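Breakdown of the fold
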Amino acid sequence: MFSSILVAVDGSESANKAFQRAIYLAQKCSSKMDLVHVIQCEVGGDSANTFEIIDDVKDKAMKTLEKHRVEAAKNNVPIQITIMQGDPAKAIIDIAKAKSYDLIIMGTRGRSSFQELLIGSVSQKVMHHASCPVMVVR
Ligand SMILES: Nc1ncnc2c1ncn2[C@@H]1O[C@H](COP(=O)(O)OP(=O)(O)OP(=O)(O)O)[C@@H](O)[C@H]1O
Ligand SMILES: [Mg+2]
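These remarks concern the structure in this document.

What counts and how
- Every residue gets a number counted from 1 within its own chain, in the order that chain's sequence is written.
- Chains carry letters from A onward and ligands carry numbers from 1 onward, assigned in written order.
- Given that the model is predicted, a residue must reach a pLDDT of at least 70 before its local features are reported, and side-chain atom pairs must reach 80 or more before they are shown or counted; all residues, however, enter totals for whole chains, interfaces and linings.
- Think of it this way: any DSSP run of H or I at least four residues long counts as a helix, any run of E at least two long counts as a strand, and we number them from the N terminus.
- Only C-alpha atoms enter the radius of gyration, while the globule expectation follows 2.2 Å times N to the 0.38, with N the number of residues.
- Here is the check we use: build the C-beta atom from the backbone, and if it is within 6 Å of the molecule or strand, call the residue near.
- Here the term charged refers only to Asp, Glu, Lys and Arg, the term nonpolar to Ala, Val, Leu, Ile, Met, Phe, Trp, Tyr, Cys and Pro, and the term polar to all other amino acids, Gly among them.
- The axes used here are C-alpha line fits, helices contributing only the stretch in contact, and every angle between their N-to-C directions lies in the interval 0 to 180 degrees.
- Note on convention: the crossing is left-handed when the near helix lies turned anticlockwise from the far helix by less than a right angle, right-handed when the turn is clockwise.
- Working definition of a contact: two residues with C-beta atoms, positioned from the backbone, lying within 7 Å.
- Helices are assigned an expected span. That span is 1.5 Å times one less than the residue count.
- Residue burial is a threshold on neighbouring C-beta atoms within 10 Å of the residue's own C-beta, all placed from the backbone, with 20 or more meaning buried, 12 or fewer meaning exposed, and counts in between meaning partly exposed.
- In this description, a nonpolar core means buried residues of the types Ala, Val, Leu, Ile, Met, Phe, Trp, Tyr and Cys, linked to one another by C-beta atoms lying within 7 Å.
- Here, any two strands with at least 2 DSSP bridges between them count as paired.
- Look down the strands so they point away from you; if going from the first strand over the helix to the second traces a clockwise path, that crossover is right-handed.

1. Some points on the overall build of the chain
Tallying secondary structure elements over the chain gives four helices and five strands in all. In the chain, the order of α-helices and β-strands from amino to carboxyl end is β-α-β-α-β-α-β-α-β. Against the 2.2 N^0.38 benchmark of 14 Å for 138 residues, the chain shows a C-alpha radius of gyration of 15 Å, consistent with a compact globule. Seen through its C-alpha atoms, the chain measures out along the principal axes to roughly 45 × 35 × 30 Å.

As structure tokens, then:
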């Protein structure tokens, strides 16, 4: 039913919960599962310093994502990892469409400190605009 699943992670507890559920589902459905993390870079310009900062952020993100890869592999779910740059919701929607995933799994909340909302803006935007079903894990 869900032959290819995209899991969006931002390092938050909520995204980690989504990742755990995704592993379970991928096992049950024998799905191919990939992980995406989007770097939302606040630094501007094209100086060497800017590129250095972005590379550093990418390296740190990759280390976190590697832990997910190890955990997924332990559960016999091989995953591919993609790091993108830009607006997180737009990047998730675009890659899901481009690679024809048939399910996106994400958390309700992310790393933001504005916790009064029930659901974060990235999840909300992906739910509204994705071209495939979206599972938001509470
Ligand atoms: N940069 C990102 N890359 C990949 N997935 C992300 C990213 N940001 C958020 N997500 C996904 O979206 C889910 C919800 O996070 P979201 O950013 O919508 O909430 P928030 O951080 O609490 O609020 P907001 O960002 O709107 O202030 C996360 O659990 C994660 O699955
Ligand atoms: Mg967020």
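Anyway, onward from the coordinates.
2. A closer look at the site of ligand 1
Within the structure, ligand 1 sits among 23 residues, and G107, G110, S112, G120 and S121 are positioned closest to it. Those elements that place two or more of their residues in the shell around ligand 1 are α1 (13–29), β2 (32–39), β4 (103–107) and α4 (121–129). Here the shell around ligand 1 is composed, by residue class, of 10 nonpolar, 10 polar and three charged.

3. Quick word on the packing of helix α3 (residues 88–98) against α4
At a minimum axis separation of 9 Å, α3 and α4 run at an interaxial angle of 35 degrees. Considering how the two elements wind past one another, α3 and α4 form a crossing that is right-handed. Judged by residue contacts, P88, A89, I92 and I93 of α3 engage V122, K125, V126 and H129 from α4. Per-class residue counts for the contact of α3 with α4 are six nonpolar, one polar and one charged.

4. Considering α1
Given a rise of 1.5 Å per residue, 17 residues ought to cover 24 Å, and the 24 Å separating the end C-alpha atoms of α1 matches this to within 8%. All buried positions along α1 are accounted for by S14, A15, A18, F19, A22, I23 and A26. In the core, the buried residues of α1 are packed alongside β1 (4–8), β2, α2 (48–74), β4 and β5 (134–137). Looking at the residues trailing α1, positive phi occurs at S30, about 50 degrees.

5. Things to note about the nonpolar core
Nonpolar side chains in soluble globular proteins generally cluster together in the buried interior. Within the largest apolar cluster, 32 residues are counted, with the highest numbers of intra-cluster contacts made by I5, V7, A8, A22, I92 and I104. Contributing elements (two or more residues each) for this core: β1, α1, β2, α3, β4 and α4. It is α1 that provides the largest number of residues to this core, a total of six residues. Each residue touching V7, except ones within four places of it in the same chain, is listed here: A18, F19, A22, M33, L35 and I105.

6. Brief notes about the pairing of β2
In the sheet, β1 pairs with β2 via five bridges, with the strands oriented parallel. Note on β2: the bridge partner recorded for L6 is D34. Taken together, β1, α1 and β2 form a β-α-β motif whose crossover is right-handed. Alignment of β2 against strand β3 (residues 79–85), held across seven bridges, turns out to be parallel. Paired with D34 across the two strands is Q80, which belongs to β3.

7. Quick look at the pairing of β4
Among the five residues of β4, five are classified as buried, and the element is accordingly described as predominantly covered. Burial along β4 is two-sided: the face carrying L103, I105 and G107 and the face carrying I104 and M106 are both buried. The pairing of β1 with β4 spans three bridges and is classified as parallel. Opposite I5, over in β4, you have L103 as the bridge partner. Summarising the sheet, β4 and β5 pair through four bridges and their orientation is parallel. Bridging from a neighbouring strand, I105 pairs with M135 of β5.

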